[in-house]
Amino acid sequence: MADTIFDVVVVGGGPAGYTCAIRASQYGLKAALIDANDRLGGTCLLWGCIPTKAMLFSAELWDHLKHADRYGIDGVTPKLNWKGVLARKDDVISRHVKGLDFLMKKNKITTFKGFGKLTGPAKDGVHTIEAKLADGKTETIKAKKVVLATGSDARVLPGNKPDDTILTNYEILKIADMPKSLVVIGSGAVGVEFASIFNSFGANVTVIEVLPRVVPVEDEEISKELLRQFKKRGIDVYLSIKDTKIEKNKDGALVTWTDANGKVQTKQAEKVLMAVGRSPRTEGIGLEKTNIKPDRGFVMTNEWMETTEPGVYAIGDIVGGLPQLAHVGSMAGLVVAARMAGKYAKPVNRLRVPGCTYTDPQIASVGLTEAQAKEKGYSVKVGKFPFVGNSKATIVDSHDGFVKVVSDTKYGEILGVHIIGPYATEIIAECVTALELEATVEEMMFTIHAHPTVAEALLDGFSSVEGMAVNV
Ligand SMILES: Cc1cc2nc3c(=O)[nH]c(=O)nc-3n(C[C@H](O)[C@H](O)[C@H](O)COP(=O)(O)OP(=O)(O)OC[C@H]3O[C@@H](n4cnc5c(N)ncnc54)[C@H](O)[C@@H]3O)c2cc1C
């Protein structure tokens, strides 16, 4: 390998890295991919997006089966087989790991299993990466361009270490038994997804959050609705908390915190999940030998994902200033591949990134929240349509929630769409396209939506900006 000079070497085989390598190869570039894990796919496939949604699907089925008689199906007495839930999740992962191995071969991407490290700036236009392989040997890989895509790790509150009681997303996905009680620290997407899943499976779930609302990056009305739904489902939520302390004991852990009224609260739980954000994985990858100066561990890039070291790009969760989402990383990978190949590309636009939270009910949004739009000085007009007026939502027995459209009065431009309710994470795609094409409320009011679909709630949502939703 020492004699081969690749056009590009991608360090990290998560969604950002493998997408970039595949597209680079499709453009005719000679690509290599290094991953430190024994399986490709990164956090997303092995410990994040995919396993959680596989478990969520089991939880949803379980929720339906618990009252199958409501749908005219009698005699169903479901029994939870936790090992079966985990096995199905693992099966979904394995199939897609195999799929990735196939895609690497199909696209003639040379893969290395090892920990990659930059050795310094390019010499005569060629970078050298050292990869420490699983067998202890070191492989030297040369390439004209380098793409860093090493991802992120779960943050843990200071003084704690993950084990079989204090869990991160990694440990919780393989716990041998369904816990009877769970305290979730943090109410971002990861925290509330696990809270929702484990509540469905019957655990006593408590969520504690330092900020004054759940899913704090979402529109305020979405946060309020999720809180209402969580309370309805029996999930205890404490907001604006401080001074969290975890003391392990023989039954799990005692979690102590000060609530919003200054009162000390305690909760004994079998397991505690840390969902307090993710740190970029940039240690030990040789940044200090380059011009790249990380900002609190994050690699900063320009709009084309170029770092301050010539010929070195960064994509995915390690990049500062972009949401840590699989689809942001993979799109950044596509952008970089196109740029390296000298093809048309469009930078990732933060305001066109859909954010999806897979709770029950689901949340999905794109663009500005009402508060952000006002802060930016827009004259804002808002429309809101409740799913209770949507026939498909009633058919699928999930009519809580609403669609909220934030628009600008001047041109009727759609600035943001915020959904909480059934299939929110699927129907948001239409809203991303609408924003991408700079559609106006009026144009969307005359866009035909099939009937009966949950997506029709969007038609009513857009129409509600003009006070003309039909179905409410
Ligand atoms: C529980 C959970 C649920 C999530 N759900 C969603 C979701 O539904 N939708 C969504 O969009 N996002 C979701 N995310 C976020 C998503 O997983 C990440 O944004 C995404 O995985 C980031 O992709 P990445 O390629 O940057 O990094 P990663 O997926 O972390 O992959 C990085 C890869 O780099 C490898 N690596 C690290 N260092 C080196 C090195 N030095 N040399 C070689 N290889 C190295 C690692 O082994 C890993 O395979 C979720 C995250 C979690 C934790």
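This text follows the structure it describes.
Residues numbered from 1 in each chain as written. Predicted model: local features only at pLDDT ≥ 70, side-chain atom pairs only at ≥ 80, totals over all residues. Heavy atoms only, no water.

(A) The arrangement of the pattern of salt bridges in detail. Scanning the entire structure with this criterion turns up 21 salt bridges. A salt bridge links Lys 144 to Asp 7; the nearest nitrogen and oxygen atoms lie 3.3 Å apart. Within this pair, whereas Lys 144 is found in strand β5 (residues 138-148), its partner Asp 7 is found in strand β1 (residues 5-11), the two being separated by 137 residues in sequence. Residue Lys 144 is classed as partly exposed on the basis of its relative accessible area, which comes to 45%. A salt bridge links Glu 466 to Lys 381, with the shortest nitrogen-to-oxygen separation between them at 3.1 Å. Linking Glu 466 in the segment after α13 (456-464) with Lys 381 in strand β19 (residues 380-386), this pair joins segments that are 85 residues apart in sequence. For Glu 466, a relative accessible area of 39% gives the class partly exposed. In the salt-bridge network here, residues are joined through shared partners; they are Asp 219, Glu 221, Glu 370, Lys 374, Lys 384 and Lys 404. (Salt bridge = Lys/Arg side-chain N within 4 Å of Asp/Glu carboxyl O. Helix = DSSP H or I, 4+ residues; strand = E, 2+ residues; numbered from the N terminus. Buried < 20%, exposed > 50% of the residue type's maximum accessible area, 1.4 Å probe, protein only.)

(B) Seen up close, the layout of surface pockets. Of the volumes computed, that of the second largest pocket is approximately 420 Å³. Contributing to the lining of the second largest pocket are 20 residues, with Met 331, Val 335, Lys 346, Pro 347 and Val 348 lying nearest its centre. Here the lining of the second largest pocket gets 7 residues from one element, more than from any other, and that element is helix α8 (residues 326-340). Per-class residue counts for the lining of the second largest pocket are 13 nonpolar, 3 polar and 4 charged. (1 Å grid on protein atoms, 1.4 Å probe; cavity = no way out; pocket = protein on both sides within 12 Å on 5 of 7 lines; lining within 4 Å. Points joined across faces, edges and corners; volume = space filled by probe spheres on them. Nonpolar A, V, L, I, M, F, W, Y, C, P; charged D, E, K, R; others polar.)

(C) Structural context of a nonpolar patch on the surface. Taken together, the side chains of Phe 57, Leu 61, Leu 65, Tyr 71, Ile 73 and Val 76 make up a nonpolar region of the molecular surface, amounting to roughly 500 Å² of accessible area. Among the structural elements, Leu 61 can be located in helix α3 (residues 49-66). (Patch = residues over 30% accessible without salt bridge, like charges linked within 9 Å, V, L, I, M, F, W, Y side chains within 5 Å. Areas by Shrake-Rupley, 256 points an atom, 1.4 Å probe, with all protein chains shown as cover.)

(D) Structural context of the environment of Lys 242. Inspection of the secondary structure assignment puts Lys 242 in strand β11 (residues 242-249). Separated by 10 residues in the primary sequence, Lys 242 and Lys 232 place their C-alpha atoms 25 Å from one another.

(E) Seen up close, the site of the ligand. Not every one of the 38 residues close to the ligand is listed here, only the nearest: Asp 35, Thr 43, Lys 53, Gly 116 and Asp 317. Between the ligand and Leu 325, the relevant distance is 3.3 Å, taken from an oxygen atom to a main-chain nitrogen or oxygen of the residue. Coverage of the ligand by the protein amounts to 94% of the 1000 Å² it exposes when considered alone. When residues of the shell around the ligand are traced back to their parent elements, those giving at least two are α1 (15-26), β2 (31-35), α2 (42-47), α3, β3 (110-118), α6 (189-200) and α8. Looking at the shell around the ligand element by element, the count peaks at 4 residues for α2. Here the shell around the ligand is composed, by residue class, of 16 nonpolar, 17 polar and 5 charged. (Near = heavy atom within 4 Å. Polar contact = N/O pair within 3.5 Å; in protein donor to acceptor, adjacent residues only side chain to side chain.)

(F) Fine view of the pairing of strand β9 (residues 204-208). Buried residues dominate β9, accounting for 4 of its 5 residues. Where strand β8 (residues 181-185) meets β9, 5 bridges bridge the pair, whose relative direction is parallel. When the sheet's bridge partners are listed, Ile 185 is paired in β9 with Ile 208. Where the polypeptide runs from β8 across α6 and back to β9, its parallel neighbour, the crossover connection is right-handed. Pairing analysis gives 3 bridges linking β9 to strand β10 (residues 236-238), with the strands arranged parallel. Counted as the bridge partner of Val 207 is Val 237 from β10. Assessed by its sense of winding, the connection that carries the chain from β9 through helix α7 (residues 220-232) to β10 is right-handed. (Pairing = 2+ DSSP bridges. Right-handed = clockwise from strand over helix to strand, strands pointing away.)

(G) Highlighting the sheet that holds strand β20 (residues 402-408). An order of β17-β18-β21-β20-β19 is seen for the 5 strands of this open sheet, with the pairing classed as antiparallel. Across the chains shown, the open sheet's two edge strands, defined by having one partner strand only, are β17 (355-357) and β19. Adjacent strand axes in the sheet meet at a mean angle of 10 degrees, parallel and antiparallel pairs treated alike. Across 3 bridges, β17 lies against strand β18 (residues 362-367) in antiparallel orientation. By the bridge assignment for β18, Thr 357 is matched with Ile 363. Packing of α7 onto the sheet brings it into contact with β18, β19, β20 and β21 (414-421), and relative to β21 it is tilted by some 0 degrees. (Axes fitted to C-alpha atoms, helices over the stretch in contact; angles between N-to-C directions. Contact = heavy atoms within 4.5 Å.)

(H) The arrangement of the packing of aromatic side chains in detail. All chains considered together, the criterion is met by 5 aromatic pairs. Both rings, one in Trp 47 and one in Tyr 170, keep their centres 4.2 Å apart while their planes meet at 55 degrees; by these two values the pair is tilted. Of this pair, Trp 47 sits in helix α2 while Tyr 170 is found in helix α5 (residues 169-172), placing the two residues 123 residues apart along the sequence. We classify Tyr 170 as partly exposed; its relative accessible area is 35%. Arranged with centres 6.4 Å apart and planes meeting at 35 degrees, the rings of Phe 194 and Phe 198 form a pair that is tilted. Pair noted here: Phe 194 and Phe 198 are both in helix α6, with a separation of 4 residues, about one helical turn. A single burial state applies to Phe 194 and to Phe 198, both of which are buried. (Phe/Tyr/Trp six-rings, centres within 6.5 Å; stacked < 30°, edge-to-face > 60°.)

(I) Structural detail: α7. Taking 1.5 Å per residue as the helical rise, α7 with its 13 residues ought to reach 18 Å, and the 19 Å between its terminal C-alpha atoms agrees with that figure. Residues of α7 that are buried include every one of Ile 222, Ser 223, Glu 225, Leu 226, Leu 227, Gln 229 and Phe 230, and no others. Buried residues along α7 sit against α6, β10, β18, β20 and β21. Of the residues flanking the start of α7, the one acting as N-cap is Asp 219, its side-chain oxygen 3.1 Å from the backbone nitrogen of Glu 221. Directly beyond the C-terminal end of α7, a positive phi value near 85 degrees is found at Gly 234. (Expected span 1.5 Å × (residues − 1).)

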